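A closer look at the structure
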Amino acid sequence: MSTLNSKIPAGPIAEKWTNHKAKIKVVSPANKRKLDVIVVGTGLAGASAAASLAELGYNVTAFCYQDSPRRAHSIAAQGGINAAKNYQNDNDSVYRLFYDTIKGGDYRAREANVHRLAEVSPNIIDQCVAQGVPFAREYGGTLSNRSFGGVLVSRTFYARGQTGQQLLLGAYSALNRQINAGTVKMHTRHEMLDLVVIDGKARGIIARDMVSGEVKRFGAHAVVLATGGYANVFFLSTNAMGCNASASWVAYKKGAYFANPCYVQIHPTCIPVHGSQQSKLTLMSESLRNDGRVWVPRKKEDAEKLRRGEIRPNDIADVDRDFYLERRYPSYGNLVPRDVASRAAKERCDAGFGVNKEGMAVFLDFKYAIERLGQETIAKRYGNLFQMYEKITDVNPYKEPMQIYPAIHYAMGGTWVDYNLMTTIPGLYSLGEANFSDHGANRLGASALMQGLADGYFVLPYTIGDYLGNEIMVPKINTNLPEFEAAEKAVTERLEKLFNIKGKTPADHFHKKLGAILWDYVGMSRNEAGLKKAIEEIKKLRKEFYADLLVPGELKNVNPELEKAGRVADFLEFGELLARDALNRKESCGGHFREESATEEGEAKRDDENFAYVAAWEFKGVDEEPALHKEDLVFETIQLTQRSYK
Amino acid sequence: MADIILNKIYVKVWRQNSPKAKGRFETYQVENVSQGSSFLEMIDILNDKLILEGKDPIAFDHDCREGICGMCSMYINGHAHGPDTEVTTCQLHMRKFHEGQTIVVEPWRAAAFPVIKDVMVDRSAFEKIQQAGGYVSVNTGGVPDGNVILIGQDDAEEAMDAAACIGCGACVATCKNSSAMLFVAAKVSQFAKLPQGKVEAKKRAKAMVAKMDELGFGSCTNTGGCELACPKSISIAHIARLNREYLSAKLSD
């Protein structure tokens, strides 16, 4: 029997959130002042939550591992944020955004959560405008929109190619206002290393001061994780170097179930890997697919000549170009969802049509858009992206097509949460990319920013009251309690253990090996034998890690290698869970492609009869098999159909 | 995108174990660096080598490695973020360097940015300036529809030019007076161009400038080095706007 209670409110889909808000507890202003909340992570979800909770009157303590909250990786989101404003009069609506997100997620997200996301999306735009976010504008002064993959309307708001930056700076400014007011205590360069649970409730965290090396205790009535996704488990991804899964992982080990870890988004338009020295991959925004056309040569010999450097892309005539997305998916063309576009690129490259030296790249060509709109318009829309591309590759994309290839980008899976965004540990919440709830098996472009801000500005500030309303009699959490002492001791011992292995191999070497295993067997295409092999290889690698890890430096000083070692140790456990989840899910859906489950045309084939559920995993021990709990996905509003973008 | 390999280069880098420790330059040899690699990937290779030799790797700030988080901060061969233009250290590529070259790497040098370790500095002074007034005072909720506030395209574009600041501190590191004027101007100017920012404009300009002065940043003498060093090409025209905002705020006191 499942122990999961998603707490989805009863009633018609469009009324669930309204009814729920009317029924949940509200904490009085006088009582809010007595309640402490910890927020870990200061990206869009964390910064917006910390600021909004502090505005309400709660005492907030916030943490980030960077030297400023403004540096969280939300900052790197380029293309935009979706909202059901219907400013373009193109028949957009809350329902259409809800429907697109459910369909885009390949019917593996929770209807009620997604509808709420669509409902609050217009408020996000209003909020950001009020904060002074400089969104793109039309000549008349109204807000401008563009299109993104997987939809037929223009609902994406943007600030050049730096939308994530501008939205995060908006949330950061709201956070700064509260820091200045003394309602948020901000700890930068601190990393959460454990969760403290007392009598079954989340009551605090243990964090390491990354400058002094000191391990510290922090207590609160509730703990909020807004710590982002786990894509860096693959080593090479578009995530920032410091992005990690450790906060979610320690929560998992303390009893928070982990949901759908096999749902990983592989973004179709990234700059291809250049060689063995690469440390991370750079995304080229999906918005580029509005005006760029994706192609490979129609003739294999042209592809071979390109690989040998004998011809340049512009030497190939239009008739000899295969615009394979337009060919295979005429109605969505270059704007098919990310998972579809990624698999299509892999299919062409595997078939021998790849265009760079390694044969692992396709073209994204702006020639046609420049002919149609002029270079100036293209520069205005994508100038900073074109500049970034040229700096990295030394190729001018105004003159020659970009080379792109899919790369690991985003985690749809995450900590399991109920409708209130609470995990299976009472008092522990998970927001933004760190939770699992809204994107199903594939996230649509420009929806991550929407979800992070929805959770932080408009969902948690309401739902947390329902829990904290019962905590008003609980005094300030005493960090001298034995649970805090034990957690701090465990953290210190673990750091010492990693530090004292004194082997021969730095943490990055293990991380790269883990990434290679996952990319080969748990990447864009997965099968049973490969997944079983991956699980065995990861276990083996974990053993090697604890026998041969080398951490230089000092425990009580700045020590990035010690930080990495801890994160890699967690990834070595998490990677196994990812592979196990992929093994369990025998169907294909969204970003999870099982070779055993494909249509004749090679498209992903879902199995709704057996897999229309959320797989939530319960920790049973590092070398034990986790327990699977299923939350059935009930579709009351949308009918399940095989996804088609043709 | 030819993969030319630099067989041997030398990195002369500032080593300092802690804020109070005495610092010094150390020179290390690095082999087999692809010119297609980024500068920080070259530092990764060097650090890997140092670790395997039993030495302490170089501590440096970095995160997104795509030029937007503002974390990376190296002063390379006498230039903030190195010899290329309009890039952060993480976007600088090794094709800008040649075989056998000695590359000098220093931290940002400014009284308001003390060294934490090696080339990692403490930029919390920037946080304090933002906290002093770098915001529009609106709570979550209860705001008007986004299209109620009409903003001309030129104003929105100009606000965006200023808002592009990534808070890296290259302007301060480059300025002979260690002035933070470009950083402060970027925020004040963004809000000065937008109706949302007008209500608190005077208070904001005064509070942010006062905090900047209090934290030990120097004065601006209009040499323009900041603009050249800025990876986002933020124009010193924003400093002129800050001066106007500040003056008009002071005059109405």
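Here the structure is a predicted model, which is why all the values come from computation and not from measurement.

Moving on, we get to the overall build of chain B. Looking only at helices and strands, chain B has 9 helices and 7 strands in total. Each principal axis of the C-alpha distribution contributes one length, and for chain B these read about 60 × 40 × 35 Å. For chain B, long-range pairs separated by at least 24 residues make up 70% of all intrachain contacts whose partners lie at least 6 apart in sequence.

Further remarks concern the overall build of chain A. For chain A, the helix and strand inventory stands at 18 helices and 19 strands. What you see for chain A is a C-alpha radius of gyration of 24 Å, in line with the 26 Å of a compact globule of 646 residues. Across its three principal directions, the C-alpha atoms of chain A cover 75 × 60 × 50 Å. Within chain A, the proportion of its 646 residues that are buried is 61%. Long-range contacts, defined here as pairs at least 24 residues apart, represent 75% of the contacts in chain A between residues at least 6 apart.

Another aspect to go through is the sheet that holds strand S19 (residues 627-632) of chain A. Residues and elements named next belong to chain A. Spatially, 4 strands are ordered S16-S10-S18-S19 in an open sheet, and the strand pairing comes out antiparallel. At either end of the open sheet lies a strand with only one pairing partner, and these are strand S16 (414-415) and S19. Where strand S10 (residues 258-259) lies against S16, 2 bridges are found, and the strand directions are antiparallel. If you follow Ala259 over to S16, its bridge partner there is Gly414. Sheet strands touched by helix H17 (residues 560-584): S10, strand S18 (613-618) and S19. Its angle to S18, the strand with the most contacts, is close to 145 degrees.

Take the domain arrangement of chain A next. Residues and elements named next belong to chain A. One can read the domain layout of chain A as domain 1 (267-408) and domain 2 (482-622). Taken residue by residue, the interface counts 6 residues in domain 1 and 5 residues in domain 2. It is helix H10 (residues 338-353) that contributes the most residues to the side of domain 1 that touches domain 2, 5 residues altogether. Class assignment of the residues belonging to the side of domain 1 that touches domain 2 gives a composition of 1 nonpolar, 1 polar and 4 charged.

Residues and elements named next belong to chain A. For helix H8 (residues 300-307), every residue scored as buried is listed here: Asp302, Ala303 and Leu306. One side of H8 carries all its buried residues, which in axial view fall inside an arc of 100 degrees. Facing away from the buried side of H8 by more than 90 degrees, the exposed set consists of Lys300 and Glu301. Contacts from the buried residues of H8 go to strand S12 (293-297) and H10. Just downstream of H8 lies Gly309, where phi reads positive at about 75 degrees.

A few words now on the pairing of strand S7 (residues 201-209) of chain A. Residues and elements named next belong to chain A. Burial within S7 is extensive, with 7 of its 9 residues counted as buried. Where strand S6 (residues 190-198) hands over to S7, the hairpin turn is made up of 2 residues, of which Asp199 adopts a positive phi near 50 degrees. Where S7 and strand S8 (residues 215-219) come together, 5 bridges link them in antiparallel fashion. Note that in S8 the partner of Arg208 across the bridge is Val215.

We now examine the interface of chain A and chain B. On the side of chain B, 67 residues touch chain A, which itself brings 67 residues to the contact. Listed by contribution, the elements that provide at least two residues to the side of chain A that touches chain B are helix H3 (44-56), helix H5 (111-131), helix H6 (163-181), helix H12 (375-393), helix H13 (448-468) and H17 of chain A. For the side of chain A that touches chain B, the leading source of residues is H6(A), giving 9 residues.

Before going further, it helps to spend a moment on the packing of helix H5 (residues 181-192) of chain B against helix H7 (residues 201-214) of chain B. Residues and elements named next belong to chain B. The contact between H5 and H7 brings their axes to 10 Å, and the two run at 175 degrees. By the criterion of interaxial angle, the relationship of H5 to H7 is roughly antiparallel. From H5, Val184, Lys187, Val188, Phe191 and Ala192 reach across to H7, where they touch Ala201, Arg204, Ala205, Met208, Val209 and Met212.

We now examine the packing of helix H14 (residues 482-499) of chain A against H17(A). The relative placement of two packed helices comes down to the angle between their axes together with the axis-to-axis distance. All names here are of chain A. One way to put it is that H14 packs onto H17 with a least axis distance of 10 Å and a crossing angle of 105 degrees. One element, H14, and the other, H17, form an angle in the roughly perpendicular class. Across from Leu495, Leu498 and Phe499 in H14, the residues of H17 making contact are Leu562, Ala565, Gly566 and Ala569. When grouped by side-chain class, the residues that make up the contact of H14 with H17 number 6 nonpolar, 1 polar and no charged.

As a further point, take the sheet that holds strand S2 (residues 59-63) of chain A. Residues and elements named next belong to chain A. Pairing is parallel across the open sheet formed by 5 strands, whose spatial order is S5-S2-S1-S9-S17. Single-partner strands in this sheet number two, and they are strand S5 (184-187) and strand S17 (428-430). The mean angle between the axes of side-by-side strands here comes to 20 degrees, regardless of whether they run parallel or antiparallel. Two elements, strand S9 (residues 222-225) and S17, share 3 bridges in a ladder whose sense is parallel. Residue pairing across strands places Leu225 opposite Ser430, the latter belonging to S17.

All right, on to the domain arrangement of chain B then. All names here are of chain B. Domain boundaries in chain B define domain 1 (5-117) and domain 2 (123-251). Spacing between the C-alpha centres of domain 1 and domain 2 amounts to 29 Å. Opposite the 18 residues of domain 1 that make contact, domain 2 presents 17 residues. Counted by class, the side of domain 1 that touches domain 2 contains 10 nonpolar, 6 polar and 2 charged residues.

Residue and element names in this part refer to chain A. Counting buried residues in strand S1 (residues 36-40) gives 5 out of 5 residues, a clear majority hidden from the surface. Both faces of S1 are covered, namely the face carrying Asp36, Ile38 and Val40 and the face carrying Val37 and Val39. Handedness of the crossover is the feature at issue here: the chain leaves S1, passes through H3, returns alongside S2, and the resulting connection is right-handed. Both S1 and S9 contribute to a ladder of 4 bridges, which runs parallel.

With that out of the way, let us pick up unusual backbone geometry. Not every positive phi belongs to a glycine, and Asn89(A) is a case in point at roughly 60 degrees. Summarising the element assignment, Asn89(A) is placed in the loop between strand S3 (81-82) and helix H4 (94-104). The backbone of Asn32(B) shows a phi angle near 50 degrees, a positive value even though the residue is not glycine.

Averaged over all residues, the pLDDT of chain B is 97; the fraction at 70 or higher stands at 99%. For this predicted complex, the interface confidence comes out at an ipTM of 0.98, alongside a pTM of 0.98.

Ranked by size, the top nonpolar core spans 296 residues in total, and within it Ala50(A), Val224(A), Val172(B), Leu182(B) and Val184(B) carry the most contacts. Ranked by residue count, the leading element in this core is H13(A), at 12 residues. Here Ala50(A) is in contact with Val39(A), Thr42(A), Val60(A), Ala62(A), Leu175(A) and Val184(A), once residues within four sequence places are set aside.

Residue and element names in this part refer to chain A. If you trace the backbone, Val27 turns up in the loop between helix H1 (16-23) and helix H2 (29-32). Residue Val27 is classed as buried on the basis of its 22 C-beta neighbours within 10 Å. The sequence separation of Val27 and Pro506 amounts to 479 residues, and the corresponding C-alpha distance is 49 Å. Excluding residues that lie within four positions of it along the chain, Val27 makes contacts with Lys32, Leu35, Gly465, Leu468, Gly469 and Ile472.

Residues and elements named next belong to chain A. With respect to the helices and strands, Tyr382 occurs in helix H12. Overall, Tyr382 belongs to the buried group, with 27 C-beta atoms counted inside 10 Å. Spatially, the C-alpha atoms of Tyr382 and Val223 are 39 Å apart, while their sequence positions differ by 159 residues. The contacts of Tyr382, once residues within four sequence positions are left out, are Gly161 and Leu288.

Calculation criteria
Residues numbered from 1 in each chain as written. Chains lettered and ligands numbered in written order. Predicted model: local features only at pLDDT ≥ 70, side-chain atom pairs only at ≥ 80, totals over all residues. Helix = DSSP H or I, 4+ residues; strand = E, 2+ residues; numbered from the N terminus. Contact = placed C-beta atoms within 7 Å. Rg over C-alpha atoms; globule rule 2.2 N^0.38 Å. Buried ≥ 20, exposed ≤ 12 C-beta atoms within 10 Å, placed from the backbone. Pairing = 2+ DSSP bridges. Axes fitted to C-alpha atoms, helices over the stretch in contact; angles between N-to-C directions. Domains from an automatic or database assignment. Nonpolar A, V, L, I, M, F, W, Y, C, P; charged D, E, K, R; others polar. Arc of directions from axis to C-beta. Parallel < 35°, antiparallel > 145°, perpendicular 65-115°, else oblique. Right-handed = clockwise from strand over helix to strand, strands pointing away. pLDDT = per-residue confidence, 0-100. Core = buried A, V, L, I, M, F, W, Y, C linked by C-beta atoms within 7 Å.

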